[in-house]
Amino acid sequence: HQFTNIREYSLAGIDTYTGKASASSVVVDGIAYDLNKQAMTATVVNDCYYIGDDHVELCPFYSGDIVIPEEIMVDGVTYPVTEVGEFSFAMRTINSITLPSTLKKINRRAFCGVWELRSLNIPASVEEIGAEAFALNYDLEELNLDAANKHFVMEGNMLLSADRTRFLYLLGATDWNKSKSIEVVIPSTVKTIDDSALYAATAVTSLTLPEGLETIGKMAFGCVSVSSIHIPSSVKSIGMSFMVFAENLKEITLGEGNANFAMSNGMLLTKDMTELVLMPCIHDNYQIPESVTTLRDASASSLQTTSFVIPDGVKTLKEIVCAFSEMLETVVIGSGVENWGEGAFCSCESIKSIYLRSENVVTPTFGYQFEKALYDTATLYVPTGTKGLYQGDPYWGQFKNIVEFSVTDIESVIVRFGDSAIARIY
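None of these values were measured; they are calculated from a predicted model.

Undergrad: Would you mind going over the overall build of the chain with me for this structure?
TA: Regarding its fold elements, the chain presents two helices and 34 strands. Over its C-alpha atoms, taken along the principal directions, the chain stretches across nearly 80 × 55 × 50 Å. Across the chain, the fraction of contacts at a sequence separation of at least 24, relative to all contacts at a separation of at least 6, is 41%. Summed over its atoms, the accessible surface of the chain is roughly 19500 Å², and 48% of this surface lies on carbon and sulfur atoms.

Structure below.
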């Protein structure tokens, strides 16, 4: 009541601002926007959205040369364009994108996977850039930052925050032909490496992380050619699948005194030794420590071995935990596994034998664990007396070849890199 001017108004027409494509989005000159009718600003959004599985097209797929205006007019009202929303131009074929001088924020994954885009200019007005904003831009050759921008800097091919504590993106690191080699040294000032900052960085052959680094984002390093990685003692947090596709990784080392992680048998684990964070893809001993109860996302992916044994103490397999292990032929799943993340063994097409040690049938929450072709070609071994139960399971029952075996007959497991009989089951 202390306010002198109090008036009533109707909420009709004042929408909830989401910054994403939806039924309330408007299209002006072939570009879709979400209007923030409280701040009176506009956010560029994707050209379509989904209601369940139904695709709703707002305007034709973005392509060619895109020019985002400084402002748009809707129903006689002017809205400055201040944001590019999540996934706005993701997975589109675009020759060029011109960003307006009014732009303040580029949201997460806004330009993720834009094909044929060679160059992008970031205006001085941009104050925020979300993680993965430029991930998977294989064709991007130039990322030009306006010299007047006070919030970000380009240091060589690295996009950093102005204070150089955040590493956002490495430009030009993808080379599928493997014709170039890039040695990356992250600046000593960096505290955080964003999600997917070096994702699909196929040209990177050497990666040096600074002491003082605290956070490594999810899928930060998709560096197929890197053979070793050193985790500094200062690192506090590591995101899921932080080194996915690292098919040539032979060695992981950890800075002395790290309070959050530990090493065992050449593998990186959480400090309490209960979670496997990452194991080398090329290793001479694939035995997981008995203390481990969880295999993190992609923690054992791209393995260069023919057999892999998951101990009975493991309860949880996260997403794509052993995915892309093309040499894998024999898999032994411990009796304690209760939770299956999606795609645990996806793209493991050479698997011939799957041993399930649990007498209690656990149906994976996600139906995609093994390649569908394996339902016909692989043999699923289950404990004696449980064949009927597994055949009746909605997931495991899809396997055509189910054979019982005595769990006690697995007397020893020998894991040796280079041995064609890495897992010996007697």
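Undergrad: What is the right way to read the pattern of salt bridges from this model?
TA: Once the charged atoms of two side chains with opposite charge are near each other, the side chains can pair. Overall, the coordinates contain 12 salt bridges when judged by the stated rule. In this structure, the salt-bridge partner of Arg 108 is Glu 132, at a minimum N-O distance of 2.7 Å. With Arg 108 in the loop between strand E10 (105-106) and strand E11 (119-122) and Glu 132 in the loop between strand E12 (128-129) and strand E13 (142-145), this pair connects stretches of sequence that are 24 residues apart. Judged by its relative accessible area of 26%, Arg 108 is partly exposed.

Undergrad: What should I look at first to understand the nonpolar core in this one?
TA: In globular proteins that are soluble, nonpolar side chains generally tend to be buried together. Membership of the largest hydrophobic core comes to 43 residues, with the highest contact counts inside it found for Phe 89, Phe 111 and Phe 134. Of all the secondary structure elements, the ones that give two or more residues to this core are strand E1 (26-28), strand E2 (31-36), strand E3 (41-44), strand E7 (71-74), strand E8 (77-84), strand E9 (94-98), E11 and strand E16 (166-170). Looking at this core, the element that brings in the most residues is E2, giving four residues. Those residues in contact with Phe 111 that lie beyond four places of it in its chain are Val 84, Phe 89, Ile 97, Leu 99, Ile 106, Leu 120, Ala 133, Phe 134, Ala 135 and Asn 137. Counting 38 residues, the second largest nonpolar core, distinct from the first, contains Leu 276, Leu 328, Val 337 and Leu 356.

Undergrad: Sorry, what's going on with the pairing of strand E32 (residues 353-356) here?
TA: Every other side chain in a regular strand lies on the same face of the sheet, so the side chains alternate between the two faces. The alternating pattern of E32 places Ser 353 and Tyr 355 on one face and Ile 354 and Leu 356 on the opposite face, and all of these are buried. Here strand E30 (residues 330-333) runs beside E32; their pairing, made up of four bridges, is parallel. Following the sheet pairing, Val 332 is matched in E32 by Tyr 355. Relative to strand E33 (residues 379-383), E32 runs parallel, the two being bridged by three bridges. Along E33, the bridge assignment pairs Ser 353 with Thr 379.

Undergrad: Explain the packing of aromatic side chains here, please?
TA: Where two aromatic rings form a pair, the distance of their centres and the angle of their planes describe that pair. Taken as a whole and assessed by the stated rule, the structure comprises 19 aromatic pairs. Ring geometry for Tyr 355 versus Tyr 381: centroids 4.3 Å apart, planes at 5 degrees, classification stacked. Here Tyr 355, found in strand E32, pairs with Tyr 381, found in strand E33; they are 26 residues apart in sequence, far enough to count as distant. Of the residues examined, Tyr 355 reaches a relative accessible area of 11% and is grouped as buried. With a centroid separation of 6.4 Å and 85 degrees between ring planes, the pair formed by Tyr 381 and Phe 405 is classed as edge-to-face. Of this pair, Tyr 381 sits in strand E33 while Phe 405 is found in strand E34 (residues 401-405), placing the two residues 24 residues apart along the sequence. The class of Phe 405 is buried, set by a relative accessible area of 10%. Members of the aromatic cluster, joined through ring pairs, are Trp 340, Phe 345, Phe 370, Tyr 375, Tyr 395, Trp 396 and Phe 399. The ring of Phe 61 is capped by Arg 92, whose NZ or CZ atom sits 3.9 Å from the centre of that ring.

Undergrad: When you look at the sheet that holds strand E28 (residues 307-310) in this model, what are you seeing that I'm missing?
TA: The strands making up a sheet associate through hydrogen bonds between their backbones, and the pairing can be parallel or antiparallel. An order of E28-E30-E32-E33-E34 is seen for the five strands of this open sheet, with the pairing classed as parallel. The sheet is open, and its two edges are formed by E28 and E34, each paired on a single side. In this sheet, adjacent strand axes meet at a mean angle of 15 degrees when their direction is disregarded.

Undergrad: Quick question: what am I supposed to make of unusual backbone geometry here?
TA: When glycine is set aside, most residues are seen to have a negative phi, and most peptide bonds are trans. Positive phi outside glycine occurs at Phe 87, with the angle close to 60 degrees. Locating Phe 87 in the fold gives a position in the loop between E8 and E9. Even without glycine at this site, Ser 347 takes up a positive phi of about 60 degrees. With respect to the helices, strands and loops of the structure, Ser 347 is situated in the loop between strand E31 (339-340) and E32.

Undergrad: It is not clear to me how the pairing of strand E25 (residues 267-270) should be interpreted in this structure. Could you clarify?
TA: In this structure, strand E24 (residues 261-264) lies alongside E25, joined through four bridges in antiparallel fashion. Within E25, the residue paired with Ser 264 across the bridge is Met 267. Here E24 hands over to E25 after two residues, with Asn 265 in that stretch at a positive phi of 55 degrees. The pairing of E25 with strand E26 (residues 275-278) spans two bridges and is classified as antiparallel.

Undergrad: What is the right way to read the environment of Gly 222 from this model?
TA: Here Gly 222 shows up in the loop between strand E20 (215-216) and strand E21 (228-231). In this structure Gly 222 comes out as buried when scored by relative accessible area, which is 1%. Taking the C-alpha atoms as reference points, Gly 222 and Val 204, 18 residues apart in sequence, are found 9.2 Å from one another. Sequence-distant contacts of Gly 222, defined by excluding residues within four places in its chain, comprise Leu 198, Tyr 199, Ala 200, Ala 201, Thr 202 and Val 244.

Undergrad: Explain the sheet that holds E25 to me, please; I cannot follow it from the model alone.
TA: Pairing within the open sheet is mixed, and its six strands lie in the order E24-E25-E26-E27-E29-E31. Edge positions in the open sheet fall to E24 and E31, since each of these has one partner strand only.

Undergrad: Explanation requested: the state of the cysteines in the structure shown.
TA: Counted under the stated rule, the structure contains zero disulfides. A disulfide-free cysteine, Cys 223 has its sulfur positioned 12 Å from the sulfur of Cys 281, the nearest such atom. The thiol of Cys 346 is unpaired, and the distance to the nearest cysteine sulfur, on Cys 348, comes to 6.7 Å. The exposure class assigned to Cys 346 is buried, which follows from its relative accessible area of 7%.

Rules used throughout
Here the residue numbering is sequential within each chain, running from 1 through the sequence in written order. The predicted nature of this model means local features are confined to residues of pLDDT at least 70 and side-chain atom pairs, given and counted, to a pLDDT of 80 or more, with totals for whole chains, interfaces and linings taken over all residues. Each side-chain value is derived from all of the structure's non-hydrogen atoms; neither hydrogens nor water enter the calculation. Helix and strand assignments follow DSSP, with helices taken as H or I runs no shorter than four residues and strands as E runs no shorter than two, numbered in order from the N terminus. Working rule for contacts: check all heavy atoms of both residues, and any pair within 4.5 Å makes them a contact. To measure how exposed things are, a 1.4 Å probe is used in the Shrake-Rupley method; for residues, cover is taken only from the protein chains shown. Salt-bridge detection follows one rule: a side-chain nitrogen of Lys or Arg within 4 Å of a carboxyl oxygen of Asp or Glu. Three exposure classes are used, based on accessible area relative to the maximum for each residue type with a 1.4 Å probe and protein chains only: buried under 20%, partly exposed in between, and exposed over 50%. Throughout this description, the term nonpolar core refers to a set of buried Ala, Val, Leu, Ile, Met, Phe, Trp, Tyr and Cys residues connected via side-chain atoms within 4.5 Å. Two strands qualify as a pair provided DSSP detects at least 2 bridges between them. Each aromatic pair joins two rings of Phe, Tyr and Trp (for Trp, the six-membered one) with centres within 6.5 Å, and gets the label stacked for planes under 30 degrees apart, edge-to-face for over 60, and tilted for any other angle. Remark: a charge is flagged as sitting over a ring if the NZ atom of Lys or the CZ atom of Arg is within 6 Å of the ring centre and within 35 degrees of the ring normal. Comment: axis = line fitted to C-alpha atoms, over the contacting stretch for helices; angle = value between 0 and 180 degrees taken between N-to-C directions. In this description, the term disulfide denotes a pair of cysteine sulfurs within 2.5 Å.

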